[in-house]
Amino acid sequence: MGNQASADQSFIAFHRPSIGEEEIREVEATLRSGWLTTGPRTAQFEEDFAKYVNARCAIAVNSATAGLHVALAALGIGEGDEVITTPLTFCSTVHTILHVGAKPILADIGPDGNIDPEEVAKAITPRTRAIIPVHLAGLPCEMRPIWDLARKHGLFVIEDAAHAAGADYEGVPIGASPRKENEPASDAVVFSFYATKNLTTGEGGMITTGSQQLAHTMRMLTLHGMSRDAWNRYTERGSWYYEVVARGFKYNLSDLQSAIGIHQLRKLESFIATRQRYVEIYNRVLGEVAEVEIPRDRPGSRHAWHLYMLRLNLDRLRIDRYEFIEDLRRLGIGASVHFIPIPRHPYFGKMSLGEQPCRRALELYPRLVSLPLYPAMTEEQVLYVANAVKDLACSSRAPARTLQSMAV
Ligand SMILES: *Cc1c(COP(=O)(O)O)cnc(C)c1O
């Protein structure tokens with residue numbers, strides 16, 4: 001019964017992917033080609049993606065989770081090490097730190113919702129080996145102070161860019177490799193092509209890096225730790241020969257998925273342009289509504305607008321976020337929340353993670369509502385959502401009495 005609304009044609013789902021005839025034809029051609037797993041289309045997708053973000057190397061993987069795991073493993077992070085990340089992220093950022101045997105350390109968010117570099121500085125200990133900033137919603141983190149800290153303390157930086165394909169930080173694409181020797185950059189940047197992300201292959205991901213040596217290790221780890229060097233060295237023994245040189249994973253991306261990615265990548269700029277246009281509509285309608293706060297942007301950088309994370313001003317409302325989202329559902333609008341803070345999950349809460357100070361993330365969480373934002377929406381639908389949110393916020397205004405007593 002509860003799902004009746006989503007079956008309705010007029011229901012505005014929280015997300016729908018934009019898959020066109022180009023993707024469908026390429027998948028069909030891949031099926032007919034006889035080469036389904038990692039092959040020529042994945043090689044092309046890697047090359048195209050590297051070019052798009054100005055990266056020296058790109059390694060396709062079957063998820064961003066796999067990409068984060070491989071990057072941590074390839075950098076030799078493990079038992080006894082600490083890795084600093086944000087409490088306001090998807091669980092897999094933290095899972096992958098645990099998968100390599102390291103300890104996740106949460107550094108609280110700043111006013112923009114991204115990890116606060118000052119909190120990162122406070123969290124550094126002699127055991128710290130790496131920092132994983134997350135570009136939440138597609139808003140680039142303040143990277144300069146993070147790179148400065150990494151350089152000062154000899155730490156690796158792995159960016160969780162699951163939301164950030166197409167974003168740039170101060171004019172440089174997220175995922176770009178340094179053009180000069182001493183230019184600051186992260187060791188690895190990991191993108192997600194999960195079904196709801198800005199660019200999708202259904203499931204998939206990409207790692208970019210400026211280090212050819214690291215790229216080589218990561219690529220080897222994505223395919224069972226098999227060495228291509230050995231393969232080259234021993235080709236005279238026959239094409240069946242390979243050597244396993246590390247404890248590898250099965251994290252490669254198939255050509256069926258890369259077939260989709262090649263065409264999604266070509267459309268990414270227009271997808272982001274549409275997202276930006278829709279964000280302007282939301283901002284115009286909701287910017288003047290005192291009961292809500294519109295998402296932050298970073299002037300001089302480019303937001304990928306993966307998500308439109310509205311903040312409720314709960315002290316001005318007589319309903320909470322749960323009711324707000326339920327009311328939107330009744331109005332035919334799917335909304336969501338990004339994210340339940342890491343310490344709020346029972347599994348992480350039971351670990352010492354629950355005791356780590358994440359006051360700002362925990363305070364922000366009850367205010368968060370992500371509105372639908374994707375190119376498959378029509379402008380009319382965006383306007384409908386914007387006005388419905390405005391009307392709901394205004395009709396749910398807390399009585400003046402309450403406001404007065406709060407002001408005292
Ligand atoms: C989606 C997401 C991931 C995981 O991506 P997958 O490709 O599904 O593994 C990691 N981090 C963040 C912030 C995400 O939103």
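Residues numbered from 1 in each chain as written. Predicted model: local features only at pLDDT ≥ 70, side-chain atom pairs only at ≥ 80, totals over all residues. Heavy atoms only, no water.

## With respect to the overall build of the chain
Thought 1: Looking only at helices and strands, the chain has 15 helices and 14 strands in total.
Thought 2: In terms of overall dimensions, the chain has a C-alpha envelope of 85 × 55 × 40 Å along the principal axes.
Thought 3: Considering only intrachain contacts with a sequence separation of at least 6, the fraction spanning at least 24 residues in the chain is 76%.
Thought 4: Total accessible area on the chain stands at roughly 18900 Å², and carbon and sulfur atoms take up 52% of it.
Thought 5: Separation of charge centres in the chain, based on 44 positive and 47 negative side chains, amounts to 1 Å. (Helix = DSSP H or I, 4+ residues; strand = E, 2+ residues; numbered from the N terminus. Contact = heavy atoms within 4.5 Å. Areas by Shrake-Rupley, 256 points an atom, 1.4 Å probe, with all protein chains shown as cover. Lys, Arg positive; Asp, Glu negative; His and termini not counted. Charge placed at Lys NZ, Arg CZ, Asp CG, Glu CD.)

## Some remarks on the site of the ligand
Thought 1: Every one of the 16 residues lining the ligand counts as a neighbour, but Thr65, Asp160, His163, Ser192 and Lys197 are closest to it.
Thought 2: Within the contact set of the ligand, an oxygen atom lies 2.6 Å away from a side-chain nitrogen or oxygen of His163.
Thought 3: Ser192 has a polar side-chain atom sitting 2.7 Å from an oxygen atom of the ligand.
Thought 4: Contact with the protein chains covers 93% of the free accessible surface of the ligand, which is 380 Å².
Thought 5: Among the secondary structure elements, those contributing two or more residues to the shell around the ligand are helix 4 (64-74) and helix 5 (91-99).
Thought 6: Here the residues of the shell around the ligand sort into 6 nonpolar, 8 polar and 2 charged. (Near = heavy atom within 4 Å. Polar contact = N/O pair within 3.5 Å; in protein donor to acceptor, adjacent residues only side chain to side chain. Nonpolar A, V, L, I, M, F, W, Y, C, P; charged D, E, K, R; others polar.)

## Quick look at the confidence of the model for the chain
Thought 1: In the predicted model, the chain carries a mean pLDDT of 94, and the fraction of residues at 70 or more is 93%.
Thought 2: Here residues 1-7 scores under 50 on pLDDT; set against residues more than four positions off or in separate chains, the count is 5 contacts. (pLDDT = per-residue confidence, 0-100.)

## Focus on the packing of helix 4 against helix 5
Thought 1: For the pair helix 4 and helix 5, the least separation of the axes is 9 Å and the interaxial angle reads 35°. For the crossing formed where helix 4 meets helix 5, the hand is right-handed. On helix 5, the residues touching Thr65, Leu68, His69 and Leu72 of helix 4 are Ser92, Thr93, Thr96, Ile97 and His99.
Thought 2: The residue makeup of the contact of helix 4 with helix 5, split by class, is 3 nonpolar, 6 polar and no charged. (Axes fitted to C-alpha atoms, helices over the stretch in contact; angles between N-to-C directions. Left-handed = near helix turned anticlockwise from the far one by under 90°.)

## Description of the sheet that holds strand 2 (residues 82-85)
Thought 1: In space, the 7 strands of this open sheet follow the order 1-9-8-5-4-2-3, with mixed pairing throughout. At either margin of the open sheet sits one strand with a lone partner, and together these are strand 1 (57-61) and strand 3 (103-106). Strand-to-strand twist across the sheet, computed as the mean angle between neighbouring axes with direction ignored, equals 25°.
Thought 2: Running at roughly 15° to strand 1, helix 8 (residues 212-222) makes contact with strand 1 and strand 9 (205-209) of the sheet. (Pairing = 2+ DSSP bridges.)

## Regarding the side chain of His15
Thought 1: Secondary-structure assignment places His15 in the loop between helix 1 (4-7) and helix 2 (21-33).
Thought 2: Engagement of the side chain of His15 in a polar contact is seen with the backbone oxygen of Ala195, the distance being 3.3 Å.
Thought 3: Leaving out residues up to four positions away in the same chain, His15 has contacts with Ala195, Thr196, Arg275 and Tyr374.

## Side note on the domain arrangement of the chain
Interfaces are frequently sized by the accessible area removed from exposure as the parts join.
Thought 1: When cut into domains, the chain gives domain 1 (21-263) and domain 2 (269-407).
Thought 2: Just the C-alpha atoms count here: the centres of domain 1 and domain 2 sit 28 Å apart.
Thought 3: Counting residues at the interface gives 41 residues for domain 1 and 35 residues for domain 2.
Thought 4: Each partner contributes to the roughly 3100 Å² buried at the junction of domain 1 and domain 2, and carbon and sulfur atoms together form 59% of this total.
Thought 5: At the junction of domain 1 with domain 2, the criterion picks out 4 salt bridges.
Thought 6: Our enumeration of links across domain 1 and domain 2 arrives at 22 residue pairs in polar contact (both at pLDDT 80 or more).
Thought 7: Looking at the side of domain 1 that touches domain 2, the elements that each hand over two or more residues are helix 5, strand 3 and strand 6 (168-169).
Thought 8: Looking at the side of domain 1 that touches domain 2 residue by residue, the class counts come to 21 nonpolar, 11 polar and 9 charged. (Domains from an automatic or database assignment. Buried area = accessible area lost by both parts, 1.4 Å probe. Salt bridge = Lys/Arg side-chain N within 4 Å of Asp/Glu carboxyl O.)

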